[in-house]
Amino acid sequence: MASLESPVFRFLLFVSLVLLVGSAGFVRFLESRAGAVSPATARLFTWLHRLGAGLLIAVSLLDVGFTARRALGEINPYLYFAYLTRTWNGQWVILRVIIALGLLWLSLRPRVDWQTLIGRHAALLERTVFVVLSIVAAVTVSMTSHAGSRGELWPIISDLVHLLAMLTWVGSVFFTVLFTFREPRDGVNVLERVSTVALVSVGAIALTGAFSSLVRLWHPALLTITNYGQTWVFKLTLVAAVLALAGINRFMWMPLLRRIPSRLPRFQRVMRLEAVLLTVVLMATSALTSTAPPEQGAGLKRSVSFKQSKNGYTLEGVASPTPLGGARLEFTLTDAKAAPLPDDVRVEGIFDMSSHGMGPLTLNLERLGAGRFAGDGFFGQTGDFDAVIKIPQAEWRVVLPSR
Ligand code: HEM
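**Comments concerning the overall build of the chain**
- When you go through the chain residue by residue, the secondary structure sums to 12 helices and 9 strands.
- At 27 Å, the chain has a C-alpha radius of gyration far larger than the 22 Å of a compact globule built from 403 residues.
- For the chain, buried positions account for 36% of its 403 residues.
- Within the chain, contacts between residues at least 6 apart in sequence are counted, and of these 68% link residues at least 24 apart.

**Brief notes about the site of the ligand**
- By nearness alone, 26 residues border the ligand, and Ser145, His146, Met166, Gly209 and Ser212 come closest of all.
- Of the residues forming the shell around the ligand, the biggest block, 7 residues, is contributed by helix α9 (residues 184–216).
- Its residues placed into classes, the shell around the ligand shows 15 nonpolar, 9 polar and 2 charged.

**Examining the domain arrangement of the chain**
- The domain architecture assigned to the chain consists of domain 1 (5–289) and domain 2 (304–400).
- Using only C-alpha atoms to locate each centre, domain 1 and domain 2 end up separated by 46 Å.

**Here's the deal with the packing of helix α8 (residues 153–178) against α9**
- For the pair α8 and α9, the least separation of the axes is 8 Å and the interaxial angle reads 150°. Judged by the angle between their axes, α8 and α9 are roughly antiparallel. Once α8 is placed against α9, the crossing between them reads as left-handed.
- Within the contact of α8 with α9, the residues separate by chemical class into 14 nonpolar, 9 polar and 1 charged.

**Focus: the nonpolar core**
- Membership of the largest hydrophobic core comes to 65 residues, with the highest contact counts inside it found for Leu17, Val18 and Leu167.
- Of all the secondary structure elements, the ones that give two or more residues to this core are α1 (5–30), α2 (39–72), α4 (88–107), α6 (122–142), α8, α9, α11 (227–259) and α12 (264–289).
- The biggest single contributor to this core is α1, with 13 residues.
- Discounting chain neighbours no more than four positions away, the residues touching Val18 are Leu167, Val170, Gly171 and Phe174.
- Residues Leu300, Leu333, Trp396 and Val398 belong to the second largest nonpolar core, which totals 21 residues.

**A few points about the sheet that holds strand β1 (residues 304–310)**
- The strand order across the open sheet built from 5 strands is β1-β2-β3-β7-β6, with neighbouring strands paired in antiparallel fashion. Two strands close off the open sheet at either side, each with one partner strand: β1 and β6 (366–369). Adjacent strand axes in the sheet meet at a mean angle of 25°, parallel and antiparallel pairs treated alike.

**Some remarks on the packing of α1 against α12**
- The contact between α1 and α12 brings their axes to 8 Å, and the two run at 130°. For the element pair α1 / α12, the angle class is oblique. As for the relative orientation of α1 and α12, their crossing is right-handed in sense. Taken together, the residues of α12 that come into contact with α1 (itself represented by Pro7, Arg10, Phe11 and Phe14) are Leu282, Met283, Ser286, Ala287 and Thr289.

**With respect to α12**
- Under the 1.5 Å per step criterion, the end-to-end length of α12 is 36 Å for 26 residues, consistent within 8% with the ideal 38 Å.
- Looking only at α12, the buried set comprises Leu264, Phe267, Met271, Glu274, Leu278, Val281, Ala284, Thr285, Ser286, Ala287, Leu288 and Thr289.

**Observations concerning α8**
- Here α8 is 26 residues long and its end C-alpha atoms lie 37 Å apart, about the 38 Å a rise of 1.5 Å per residue gives.
- Counting buried positions along α8 gives 19 out of 26 residues, so the element sits mostly inside the fold.

**Topic: unusual backbone geometry**
- Although it is not a glycine, Asn311 sits at a positive phi angle of roughly 50°.
- Inspection of the secondary structure puts Asn311 in the loop between β1 and β2 (313–321).
- You will see that Ala338, though not glycine, has its phi angle at about 60°, which is positive.
- Among the structural elements, Ala338 can be located in the loop between β3 (326–334) and β4 (348–352).
- Looking at Ala338, the number of C-beta atoms within 10 Å reads 8, which means it is exposed.

**Quick notes on the pairing of β3**
- Relative to β3, β2 is paired through 8 bridges, and the arrangement is antiparallel. When the sheet's bridge partners are listed, Ala319 is paired in β3 with Leu329.
- If you look at the hairpin formed by β2 and β3, you'll find 4 residues sitting between the two strands, and Gly325 has a positive phi there, around 115°.
- Where β3 and strand β7 (residues 372–378) come together, 7 bridges link them in antiparallel fashion. Bridging from a neighbouring strand, Leu329 pairs with Gly375 of β7.

**Some remarks on the sheet that holds strand β8 (residues 385–391)**
- The sheet built from 4 strands is open, its strands ordered β5-β4-β8-β9 with antiparallel pairing. Each having just a single partner strand, β5 (361–362) and β9 (394–400) make up the two edges of the open sheet.
- Both β4 and β5 contribute to a ladder of 2 bridges, which runs antiparallel. Pairing of Phe351 across the sheet is with Leu361, part of β5.

Scoring rules and cut-offs
Starting afresh in each chain, residues are numbered from 1 along the sequence in its written order. Confidence filtering applies because this is a predicted model: local features only for residues at pLDDT of at least 70, side-chain atom pairs given and counted only at 80 or more, and all residues used for totals across whole chains, interfaces and linings. Helix numbers and strand numbers start at the N terminus; a helix is a DSSP run of H or I with at least 4 residues, a strand a run of E with at least 2. Note on method: radius of gyration uses C-alpha positions; expected globular size equals 2.2 Å times residues raised to 0.38. Whether a residue is buried, exposed or partly exposed is read from the other C-beta atoms within 10 Å of its own C-beta, which are placed from the backbone; 20 or more gives buried, 12 or fewer gives exposed, and intermediate counts give partly exposed. The contact criterion used is a C-beta to C-beta distance within 7 Å, with each C-beta placed from the backbone. We call a residue near a molecule or strand when the C-beta position, derived from backbone atoms, sits within 6 Å of it. Gly is placed with the polar residues, together with every amino acid not listed as nonpolar (Ala, Val, Leu, Ile, Met, Phe, Trp, Tyr, Cys and Pro) or charged (Asp, Glu, Lys and Arg). Boundaries of every domain are those given by an automatic assignment or by a domain database. The angle between two axes is taken between their N-to-C directions and runs from 0 to 180 degrees, where each axis is a line fitted to C-alpha atoms and a helix contributes only its stretch in contact. Geometric relationships in this document are graded by angle, where less than 35 degrees denotes roughly parallel, more than 145 denotes roughly antiparallel, 65 to 115 denotes roughly perpendicular, and other angles denote oblique. Two helices cross in a left-handed way if the nearer one is turned anticlockwise from the farther one by less than a right angle. They cross in a right-handed way if the turn is clockwise. Each nonpolar core comprises buried Ala, Val, Leu, Ile, Met, Phe, Trp, Tyr and Cys residues, the members being joined through C-beta atoms within 7 Å. Two strands pair if DSSP finds at least two bridges between them. Multiplying 1.5 Å by the helix residue count minus one yields the expected span of that helix.

This is how it looks when you write it as structure tokens:
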């Protein structure tokens, strides 16, 4: 099971990317006419960009430390360094730190006099370097996502486009809210561009999000029976709310602002709600990306009969495979006199998946008749697991081979 810190680290990772890439991207592409930027806004954006770089480096390095401690049981500088340099996750973190430093260097107005070196192409070169570094930063995140850690090419590409489109949309909304325009008319012009960019990004997010969803949630029932599916439904509900708000902003506010630009500051306050909702979507996504998605081909492979006695009580029954990957148990419980277990005795059942580092899954048992029970559960990971049946007087463990 994902540890508690994983979603927090993932969320901070997304936030730091928005700060680092979004702030600089907004100034470079959406509001590039330097004259329209007030000095205070320019300073704020520079500091947010630096904060993003610092946060990205700190969160990535700390995440490696926590992951290494979880995997190895302890941590010291030698183990940390070994984990950083020898694991898939660690190696992408090294590249991410280098890229964050590169983006920081770019924003610190390097001493190299681009203008003298390459004349009027300086701005183009600077923008190209910025875009390439930003894409590589996103690649380092996608390569450590569910798709990346499984090495699946198309899901990785889809995840990368999803992430870049997210950065574009969230960045343009956040930084429009924070921007102080000298003239409302300038602001409305910027908003026209923000609105078009947001529309294209939302299209890309929807297409790639739908593709990743079909890969991860390969059967509709998974939406309700897995933690991953339930978290996905929660995220999509939030996405629907934010899309409704974005639609109102585009189709009702934009025509109004074209006619009355002086309403811009009020609109920026309205946009704060969209920014807050997008932050909550990012929180839900952090939970989604830290929850193990259901694997195809998991679960019990053949029916297993079992009979075990403990403290005079006997458990006897059969476990059979279920279509999606899991098992259904049907069993009887009898006491020392071979009589059915009385109705007032509490019976519990779980799938124990601790060998996979996952928490137990509760079986929803129903009483079929005197001492007869049935219950099933979905087991989302490939590998063996145990069914554990408990009554106050005894506990049985049935090994369920799933290979
Ligand atoms: C049409 C709506 C959307 C769908 C169907 C969707 C679906 C998904 C899916 C299935 C994943 C893969 C999770 C995994 O790795 O297991 C994902 C990742 C992600 N989504 Fe969405 N999403 C949608 C909209 C959004 C929006 C609006 C945002 C942000 C504002 C967003 C941000 C992200 C981020 C940051 C990731 C993680 C990328 C990574 O870690 O590499 N998504 N999404």
